[in-house]
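Chain by chain, the residues:
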Amino acid sequence: MITENLQKAINDQITAELWSSNLYLQMSFYMAKEGWDGAAHWLAKQAEEEKEHAVDMAHYLIKRGGEAKVSMIDVVPQGWGSYAEVFEHVYKHECHVSELIDKLVDVASAEKDKATQDFLWGYVREQVEEEATASSIVDKIRKAGEHGLFYIDAELAKR
Ligand code: OFO
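Residue indices begin from 1 for each chain and proceed along its sequence in written order. For this predicted model, a pLDDT threshold of at least 70 governs which residues receive local features, and a threshold of 80 or more governs which side-chain atom pairs are given and counted, while totals over whole chains, interfaces and linings are taken from all residues. Only heavy atoms go into the side-chain values, all of them from the structure, while hydrogens and water stay out.

This brings us to the overall build of the protein. A helix here means a DSSP run of H or I that spans at least four residues, while a strand means a run of E at least two residues long, and both kinds are numbered starting from the N terminus. A tally of helices and strands in the protein yields four helices and zero strands. Listed by position from the N terminus, the elements making up the protein come as α-α-α-α. Summarising its shape, the C-alpha atoms of the protein cover approximately 55 × 25 × 20 Å along the three principal directions. The buried share of the protein, reckoned over its 159 residues, is 43%. For the protein, the accessible surface area stands at approximately 8800 Å², while carbon and sulfur atoms represent 55% of it. Only protein chains enter the calculation, and the probe is 1.4 Å; a residue is then buried if its accessible area is under 20% of its type maximum, exposed if over 50%, and partly exposed in between. Here the Shrake-Rupley method, with its probe set to 1.4 Å, supplies the accessible areas, and only the displayed protein chains count as covering residues.

Structure, rendered in structure tokens:
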């Protein structure tokens, strides 16, 4: 059985994952409007992935005898600027999520809940990958220059 405190912390993370999903979906709409279909596709996939994280966390809570909640999701930003700025924001956001997950591990550790710590380590590792992926996209965008963006966009369409 999961403690009340940990249940609340995981439910807060579920809210954060759903907010992330909305953030990436909004970015996807923005890039589609700008005519960058590859980036729009990549971001829509990322939005789906974030929603899956929320659902997986909810199922974990339920498995442990807890209660999963969908709370109110705050509105996400609407405007983004250049191609590079969109992905710089993705990278920054993933770093922020990594911090949230780290804090969640700390809560599980304070509650001496080994199973939840083990469950959360998967997310800690995944965040390393997500930060690296976003950072490498930013890097490629910077190197590509304006004309190279068409190549980057074609690559992102393959996700
Ligand atoms: Fe939910 O994995 Fe990144 O943010």
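In terms of nonpolar packing, the biggest core is built from 24 residues, with M31, L43, Y83 and F87 touching the most fellow members. With seven residues, helix 4 (residues 114-156) is the single largest residue contributor to this core. Contacts: residue pairs with any heavy atoms within 4.5 Å of one another. Not counting chain neighbours up to four residues away, the residues in contact with F87 comprise M31, A39, W42, L43, I137, V138, I141 and L156. Definition used in this section: a nonpolar core is a set of buried Ala, Val, Leu, Ile, Met, Phe, Trp, Tyr and Cys residues joined via side-chain atoms within 4.5 Å.

Let's shift gears to the packing of helix 2 (residues 37-63) against helix 4. Note on definitions: angles span 0 to 180 degrees between N-to-C directions of axes, and those axes are lines fitted to C-alpha atoms, for helices only across the stretch in contact. The geometry of helix 2 relative to helix 4 is characterised by a closest axis approach of 12 Å and an angle of 175° between their N-to-C directions. Taken together, the axis directions place helix 2 and helix 4 in an arrangement best described as roughly antiparallel. Counting all contacts with helix 2, which are made through D37, G38, A39, H41, W42, Q46, E49, E50, H53, D56, M57 and Y60, the residues of helix 4 involved are A115, T116, F119, Y123, E126, E130, T133, I137, D153 and L156. Should an angle lie under 35 degrees it is considered roughly parallel, over 145 roughly antiparallel, and from 65 to 115 roughly perpendicular; all remaining angles are considered oblique.

Our next topic: the pattern of salt bridges. Only one rule defines a salt bridge in this text: a Lys or Arg side-chain nitrogen within 4 Å of an Asp or Glu carboxyl oxygen. Counting across every chain of the model gives six salt bridges. With a closest N to O distance of 2.8 Å, D12 and K8 form a salt bridge. In this pair, D12 and K8 are both assigned in helix 1 (residues 4-33), four residues apart and thus about one turn of the helix distant. Assessed through its relative accessible area of 41%, D12 is described here as partly exposed. One salt bridge connects R159 with E49, and the closest N-O pair in it is separated by 2.8 Å. Of this pair, R159 sits in the segment after helix 4 while E49 sits in helix 2; the two residues are 110 residues apart in sequence, bridging distant segments of the chain.

This paragraph deals with unusual backbone geometry. Of note, K112 is a non-glycine position whose phi angle comes to about 55°, a positive value. The topology assignment puts K112 in the loop between helix 3 (83-110) and helix 4. Relative accessible area serves as the criterion here: at 64%, K112 is assigned to the exposed category.

This next bit is on helix 3. By this rule, a helix spans an expected 1.5 Å times one less than how many residues it contains. For helix 3, built from 28 residues, the straight-helix expectation of 40 Å at 1.5 Å per residue is met to within 8% by its first-to-last C-alpha distance of 41 Å. Listing the buried residues of helix 3 in full gives Y83, V86, F87, V90, H93, E94, V97, S98, I101, L104, V105 and A108.

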